[in-house]
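# Coordinate inspection notes
Letter by letter, the chains look like this.
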Amino acid sequence: MRKKFIAGNWKMNTRSIDGELLAASVVKGLGAETRVTVAVCPPFPFLARIAQAVKGSPVALGAQNCYPKDDGAFTGEVSPAMLVDVGCQYVIVGHSERRQLFKESDEFINAKVHAALKAGLKVILCIGETLDERKGNKTEAVLDTQLTGSLAKVTAEQLGNMVLAYEPVWAIGTGVNATPQQAQDAHAFVRKRVGQLCGAAAAEALVIQYGGSVKPDNAATLLSQPDVDGALVGGASLKAEDFLAIVKAGIR
Ligand code: PGA
């Protein structure tokens, strides 16, 4: 059975002090609970400090982005090796905000996937359709294109170090979450398609998170769907109490 995985994407929020307090509260609230996997993904400047705050606890550390090179003349960028160096286990790749605001292509995202895996990070790869695409009945076609492009040349073995996050763009930060059935349908499609790309056994073991306005009051129903294996939480991950309530909904 796939263990649920709840990750908090803090996005470009917090300052060092409140980030540390937030991480400390998550660590305290989670205690020794290991029936659910938990990670927090703070902004780059705070990663090293938050690494200290979660040290020795089951709370894992993730970054929100990376550049697909080890070192070099890439002003302003951060390499996967640097993320490992400061204590990250995970990196989020292909978030819709990066796809839309920073025009990241599936090809570029695929390069990040390979670079991050090579450095020893686990990758949380985000995919999802816009409202127009959903209204135009293009959801599956969009997911198909994103999966084919971002998972190019990913083997079944590499998929074992990946997590997918289905995040319908229209549900992110809007307060309008996908219905449990919409999430389940998309997740089942993603799992089937990943099976064709990387092999059925690897797809069956793959954790697929749902993201988009996950809150304490909708987490349990979303997480009860058979193919919804966790949540990538934005806004609600900035309040320890709310994030921990979502984590709790993932325990069974
Ligand atoms: P949200 O963000 O929970 O604030 O909708 C989710 C995400 O973008 O990962």
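What this report covers is the structure whose coordinates are included nearby. (Residues numbered from 1 in each chain as written. Predicted model: local features only at pLDDT ≥ 70, side-chain atom pairs only at ≥ 80, totals over all residues. Heavy atoms only, no water.)

## Considerations on unusual backbone geometry
Phi is positive for asparagine 137, close to 60°, though the residue is something other than glycine. Looking at the secondary structure, you find asparagine 137 in the loop between helix 6 (131-135) and helix 7 (139-150). A positive phi angle is found at serine 213, which is not glycine, with a value near 55°. Positionally, serine 213 belongs in the loop between strand 7 (207-211) and helix 11 (216-223). Its relative accessible area of 10% is what places serine 213 among the buried residues. (Helix = DSSP H or I, 4+ residues; strand = E, 2+ residues; numbered from the N terminus. Buried < 20%, exposed > 50% of the residue type's maximum accessible area, 1.4 Å probe, protein only.)

## Some thoughts on the side chain of serine 96
Among the secondary structure elements, serine 96 is positioned in helix 4 (residues 96-101). Given the relative accessible area of 8%, serine 96 is considered buried. In this structure, serine 96 is in contact with Leu101, Val169 and Ile172, ignoring residues within four places of it in sequence. (Contact = heavy atoms within 4.5 Å.)

## Let's talk about the packing of aromatic side chains
In total, this model carries four aromatic pairs according to the counting rule given. When the ring of tyrosine 67 is compared with that of phenylalanine 108, the centres are 6.0 Å apart and the planes differ by 65°; the resulting orientation is edge-to-face. Taken together, the residues span a long stretch of sequence, with tyrosine 67 in the loop between strand 3 (59-63) and helix 3 (80-85) and phenylalanine 108 in helix 5 (residues 106-119) at a distance of 41 residues. Overall, the relative accessible area of 27% leaves phenylalanine 108 in the partly exposed class. Taking the centre distance of 6.4 Å and the plane angle of 55° together, the rings of tyrosine 166 and tyrosine 210 count as tilted. Residue tyrosine 166 is located in strand 6 (residues 162-166), and its partner tyrosine 210 is located in strand 7; the two are separated by 44 residues in the primary sequence. With a relative accessible area of 0%, tyrosine 210 lands in the buried category. These aromatic residues form a ring-pair network of at least three members: Tyr67, Phe74 and Phe108. (Phe/Tyr/Trp six-rings, centres within 6.5 Å; stacked < 30°, edge-to-face > 60°.)

## Quick word on the packing of helix 5 against helix 7
The geometry of helix 5 relative to helix 7 is characterised by a closest axis approach of 8 Å and an angle of 45° between their N-to-C directions. In terms of orientation, helix 5 and helix 7 fall into the oblique class. Relative to helix 7, the crossing made by helix 5 is right-handed. Here Asp106, Ile109, Asn110 and Val113 of helix 5 lie close against helix 7, whose contacting residues are Thr145, Gln146, Gly149 and Ser150. Here the contact of helix 5 with helix 7 is composed, by residue class, of two nonpolar, five polar and one charged. (Axes fitted to C-alpha atoms, helices over the stretch in contact; angles between N-to-C directions. Parallel < 35°, antiparallel > 145°, perpendicular 65-115°, else oblique. Left-handed = near helix turned anticlockwise from the far one by under 90°. Nonpolar A, V, L, I, M, F, W, Y, C, P; charged D, E, K, R; others polar.)

## Looking at the packing of helix 1 (residues 16-30) against helix 2 (residues 47-54)
Remark: helix 1 packs on helix 2, axes separated minimally by 9 Å, with the N-to-C direction vectors making an angle of 25°. On the basis of their axis angle, the class for helix 1 and helix 2 is roughly parallel. In terms of crossing hand, the pair formed by helix 1 and helix 2 is right-handed. Residues Ser16, Ile17, Gly19, Glu20, Ala23 and Val27 of helix 1 touch helix 2, and the partners they reach there are Arg49, Ile50, Ala53 and Val54. When its residues are assigned to classes, the contact of helix 1 with helix 2 shows six nonpolar, two polar and two charged.

## Overview of the state of the cysteines
Overall, the coordinates contain zero disulfides when judged by the stated rule. For cysteine 88, which is in no disulfide, the shortest distance to another cysteine sulfur is to cysteine 41 and amounts to 8.0 Å. Summary of cysteine pairing: cysteine 126 is not part of a disulfide, and the nearest cysteine sulfur, belonging to cysteine 41, is at 9.3 Å. (Disulfide = S-S within 2.5 Å.)

## A short note on the sheet that holds strand 5 (residues 122-127)
Ordered in space as 1-2-3-4-5-6-7-8, the eight strands form a closed barrel in which the pairing is parallel. Averaged over all neighbouring strand pairs, the angle between strand axes comes to 25°, with direction disregarded. Strand direction decides the pairing type here: strand 3 and strand 4 (residues 90-93), joined by two bridges, are parallel. When the bridges of strand 4 are listed, glycine 62 appears paired with tyrosine 90. (Pairing = 2+ DSSP bridges.)

## Focus on the pairing of strand 2 (residues 37-41)
Counting buried positions over the five residues of strand 2 gives four, a clear majority of the element. After leaving strand 1 (residues 5-9), the chain enters helix 1 and then returns to the sheet as strand 2, a path that is right-handed. By the bridge criterion, three bridges tie strand 2 to strand 3 in an arrangement that is parallel. Among the inter-strand pairings, valine 38 is bridged to a residue of strand 3, identified as valine 59. Handedness of the strand 2-helix 2-strand 3 crossover: right-handed. (Right-handed = clockwise from strand over helix to strand, strands pointing away.)

These values are about where atoms sit, not about what they do.
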